[in-house]
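Structural features, examined
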Amino acid sequence: MSHDLIIKGGRVVTGAEVVNCDIGIRAGRIATLGHDLGDATEVIDATGLIALPGGIDSHVHIAQPSGPGIEMADDFASATRSAACGGNTTVMPFCLPEDGATLRQAVNAYHAKANGQCHIDVSFHLIIKDTDSQTLGQDLPALFEAGYTSFKVFMTYAGLALSDREILDVMDVAKAHNAMVMVHAENEDAIEFLRDKAEEAGNTGPVNHARTRPVPAEREATHRAISLAEIAGVPLTIVHVSNGPALEEITRARRRGAKVFAETCPQYITLTADDLDRAGFEGAKYVCSPPPRDTAEQTAIWAGLEQGDFDLFSSDHCPFRFADTAGKDAPGARATFRNIPNGIPGVETRLPILFSEGVMKGRITLPRFAAITATNHARLYGLAPRKGAIAVGADADITLWDPTLTKPIRQADLHHGSDYTPWEGFNVTGWPVRTLLRGKTVAKEGEIVGAATGDYLSRSAPEFLL
Ligand code: URP
Ligand code: ZN
Ligand code: ZN
Ligand code: ZN
């Protein structure tokens, strides 16, 4: 039988191997891997290119409620446009209820926002900010059964942070359903103590965001989250790990047999707290939580990536505009760092940064790149085997990379709704040149191709690797 599309002559990253073969695609799925695949309606010449599974970014924030007067810079159209141009084929944003809304209402609201707008596939995690009996007893079990199989809880942020008891109650529901618990681990009381002290001393500029969220606040919360998960008897993922001591808590727990998964992000291998100390209000462009650390912590994160301690490399894309009073320049943000919205844009630059700094510099292999940018996201969040790998039967979600293309990251070339990138001028070797979603090109040479054909993905239970 002939194919709809054959991608010919590339180096193909399939699981643990890199092979020179052609990819035959039929009805949106990978039908054949091999040579002399016969004829096809369309042939893409991939000579000199690398074929990787389309990126899955399992940690993005899109059109998320962010407080009175504050607005995220991306809607689903712009976020998925940006993600596709950056080599991604699936993104997983979080459903956060508006104040007074139920989790179920939040899910419905996100579907309404995403429906018909997406250039790539999307699936939703849930954020648990209320632990009332309606949420834990009814909404959460029903939503789990409907394919929302992962929940995030926060140990920081006023209005979002849960107590230890509440986290245990959420974990208990996760346990009953085999759901994945994702934890944002920073000690809220310690941070509030340091923030009050900084403000009392008149230290109010953006860099104080980093200084009041120090490594021990993250390390302690990481240790506590893991302990709570061991007490509740559930696996968990610690998201956006920024430093060596927090990672050590995770590797130590793994050695005693705990199922703890770890995620890190581009900001923790490329940015530092000094970026928040840039002149004037520029530092606000780098305010995110946990904050970027220093070069010693970057080295520790790299060591973790090289040794396989990290399962996931995500962007934590959380975009705000810089020159905007609904964004970084929020009312009161110049008076104190406390009022600067947290988060940075990064969905389009995640893969190029890791490819350039990791693969091209010899720190990680291509199969490892594929695992932490796609395959593990699919497995840990219930999208495998349909997503995350170049394998027969899987969706033909494929990104073609040109490992010889060198150019700096420029805001002018990006497609997100933010008005800046934290990586302006950062040199990258190796760029995605074509992104295929279910066998159809959705981005080519940095531009979107065609209409918004992304689907919503319902998920199965996580595969707890290790
Ligand atoms: O600063 C950040 N990372 N904002 C996004 C929300 C979160 O904590 O992931
Ligand atoms: Zn977080
Ligand atoms: Zn986040
Ligand atoms: Zn463009």
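As the structure is a prediction and not an experimental result, all values here were calculated from the model. (Residues numbered from 1 in each chain as written. Chains lettered and ligands numbered in written order. Predicted model: local features only at pLDDT ≥ 70, side-chain atom pairs only at ≥ 80, totals over all residues. Heavy atoms only, no water.)

1. Things to note about the UniProt feature "domain: Amidohydrolase-related" (unreviewed entry) in the protein
Rule in force here: UniProt positions are given in the numbering used here, feature names are shortened, and annotations may be inferred rather than shown by experiment. Per the convention used, a helix needs a DSSP run of H or I reaching at least four residues, while a strand needs a run of E reaching at least two, with both numbered from the N terminus.
Under the present numbering, the feature "domain: Amidohydrolase-related" (unreviewed entry) in UniProt falls on residues 50-442. End-to-end, the C-alpha atoms of residues 50-442 are 17 Å apart, and along that stretch the chain is 35% helix and 17% strand.

2. Concerning the coordination of the zinc ion (ligand 3)
Let me state the cut-off plainly: Listed donors are limited to N, O and S atoms within 2.8 Å of the metal, widened to 3.2 Å for Na, K and Ca; water is not among them, so incomplete-looking sites are possible. Just to be clear on the cut-offs, tetrahedral is four donors with all angles between 85 and 135 degrees, square planar is four donors and octahedral six with opposite donors over 155 degrees apart and all others between 65 and 115, and anything else goes down as irregular. Think of it in three bands: with a 1.4 Å probe and only protein chains considered, a residue is buried below 20% of the maximum accessible area for its type, exposed above 50%, and partly exposed in between.
Bound to the zinc ion (ligand 3) are the protein donor atoms His-59 (NE2), His-61 (NE2) and Asp-316 (OD), situated 1.9 to 2.0 Å from the metal. Considering all four donor atoms around the zinc ion (ligand 3), the spread of angles at the metal, 90 to 128°, places the coordination shape in the tetrahedral class. Written as a sequence motif, the donor residues of the zinc ion (ligand 3) are H-x1-H-x254-D. Metal-to-metal, the separation of the zinc ion (ligand 3) and the zinc ion (ligand 2) is 3.8 Å. A residue pair is termed long-range when its members are at least 10 positions apart, and His-59 in strand 8 (residues 55-60) and Asp-316 in the loop between strand 16 (312-313) and helix 11 (350-359) qualify at 257 residues. For His-59, a relative accessible area of 0% gives the class buried. We classify Asp-316 as buried; its relative accessible area is 8%.

3. Description of the coordination of the zinc ion (ligand 2)
Surrounding the zinc ion (ligand 2) are the protein donor atoms Lys-152 (NZ), His-184 (ND1) and His-240 (NE2), at 2.1 to 2.3 Å. Mapped onto the sequence, the donors of the zinc ion (ligand 2) take the spacing K-x31-H-x55-H.

4. So, the layout of surface pockets
Operational definition: Put simply, the grid is 1 Å and covers the protein atoms alone, a cavity is a trapped set of points that fit a 1.4 Å probe, a pocket is an open set with protein on both sides within 12 Å along at least five of seven lines, and lining residues have an atom within 4 Å of a point. Grid points are joined across faces, edges and corners, and a volume is the space filled by probe spheres set on the points.
Considered as a void within the structure, the largest pocket measures approximately 920 Å³ in volume. In this structure, the largest pocket is lined by 37 residues; those nearest its centre are Ser-66, Gly-67, Tyr-157, Ala-158 and Leu-160. Listing elements by their share of the lining of the largest pocket, those giving two or more residues are strand 12 (150-154) and helix 5 (188-200). Broken down by element, the residue count for the lining of the largest pocket peaks at three residues, all from helix 5. By volume, the second largest pocket amounts to about 210 Å³. Contributing elements (two or more residues each) for the lining of the second largest pocket: strand 17 (398-408) and strand 18 (427-437).

5. So, the pattern of salt bridges
Which entries qualify depends on this criterion: Salt-bridge detection follows one rule: a side-chain nitrogen of Lys or Arg within 4 Å of a carboxyl oxygen of Asp or Glu.
Scanning the entire structure with this criterion turns up 31 salt bridges. With a shortest N-O distance of 3.8 Å, Asp-277 and Arg-211 are connected by a salt bridge. One end of the pair, Asp-277, is in the loop between helix 9 (267-270) and helix 10 (295-307); the other, Arg-211, is in helix 6 (residues 207-211), with 66 residues separating them in the sequence. Classification of Arg-211 by relative accessible area gives exposed; the value is 53%. With a closest N to O distance of 2.8 Å, Arg-256 and Glu-230 form a salt bridge. On the criterion of sequence distance, the pair formed by Arg-256 in the loop between helix 8 (244-255) and strand 15 (260-264) and Glu-230 in helix 7 (residues 215-232) is long-range, its members being 26 residues apart. What makes Arg-256 partly exposed here is its relative accessible area of 44%. It is possible to trace a salt-bridge network through shared partners that takes in Asp-121, Arg-386, Lys-387, Asp-395, Asp-397, Arg-438 and Asp-455.

6. Concerning the nonpolar core
For clarity, the threshold we go by: We call a set of buried Ala, Val, Leu, Ile, Met, Phe, Trp, Tyr and Cys residues a nonpolar core when their side-chain atoms join them within 4.5 Å. In what follows, residue pairs with any heavy atoms lying within 4.5 Å of each other are defined as contacts.
Grouped together as the largest cluster of nonpolar side chains are 127 residues, with contacts concentrated most on Leu-126, Leu-236 and Ile-238. Those residues in contact with Ile-238, other than ones at most four positions away along the chain, are Val-183, Ala-185, Thr-222, Ala-225, Ile-226, Ile-250, Val-260, Phe-261, Ala-262 and Glu-263. Leu-5, Ile-44, Ala-46 and Leu-436 belong to the second largest nonpolar core, which has 17 residues in total.

7. Here we look at the packing of helix 4 (residues 164-177) against helix 7
Formally: Angles shown run from 0 to 180 degrees and are taken between the N-to-C directions of axes, each axis being a line fitted to C-alpha atoms and, for helices, limited to the stretch in contact. The cut-offs work like this: below 35 degrees is roughly parallel, past 145 is roughly antiparallel, 65 to 115 is roughly perpendicular, and the gaps in between are oblique. By definition, turning the near helix anticlockwise from the far helix through less than a right angle yields a left-handed crossing, and turning it clockwise yields a right-handed one. Residue polarity is assigned by list, with Asp, Glu, Lys and Arg as charged and Ala, Val, Leu, Ile, Met, Phe, Trp, Tyr, Cys and Pro as nonpolar; anything else, Gly included, falls into the polar class.
In contact at an axis separation of 9 Å, helix 4 and helix 7 are set at 50° when each is read in the N-to-C sense. Judged by the inter-axis angle, helix 4 sits oblique to helix 7. Note that helix 4 runs across helix 7; the crossing there is right-handed. Touching Asp-164, Ile-167, Leu-168, Met-171 and Lys-175 of helix 4 are Arg-224, Ala-225, Leu-228, Ala-229, Ile-231 and Ala-232, all from helix 7. Of the residues contributing to the contact of helix 4 with helix 7, the split by class is eight nonpolar, no polar and three charged.

8. Some thoughts on the site of ligand 1
Where we set the bar: The rule for a residue being near a molecule or strand is that one of its heavy atoms must lie within 4 Å of it. By the criterion applied in these results, polar contacts are pairs of N or O atoms within 3.5 Å in which, for protein atoms, one can donate a hydrogen and the other can accept it, and in which residues neighboring in sequence qualify only through two side-chain atoms. Here, Shrake-Rupley sampling with a 1.4 Å probe gives the accessible areas, and only protein chains in the shown set may cover a residue. What decides whether a molecule sits in a cavity or pocket is whether more than half of its atoms lie within 2 Å of the grid points.
The full set close to ligand 1 counts 13 residues, and Lys-152, Tyr-157, His-184, Ser-289 and Asp-316 are the nearest of them. Take Asp-316: an N or O atom from its side chain is 2.6 Å from a nitrogen atom of ligand 1. Residue Gly-343 places a main-chain N or O atom 3.3 Å away from an oxygen atom belonging to ligand 1. Calculation on ligand 1 without its partners gives an accessible area of 270 Å², and the protein chains cover 96% of this total. For ligand 1, the cavity whose grid points lie within 2 Å of the majority of its atoms is the largest pocket. Here the residues of the shell around ligand 1 sort into four nonpolar, seven polar and two charged.

9. Describing helix 11
Within helix 11, 10 of the 10 residues are buried, leaving the element largely enclosed by the surrounding structure. Regarding helix 11, the residues found buried are Arg-350, Leu-351, Pro-352, Ile-353, Leu-354, Phe-355, Ser-356, Glu-357, Gly-358 and Val-359.

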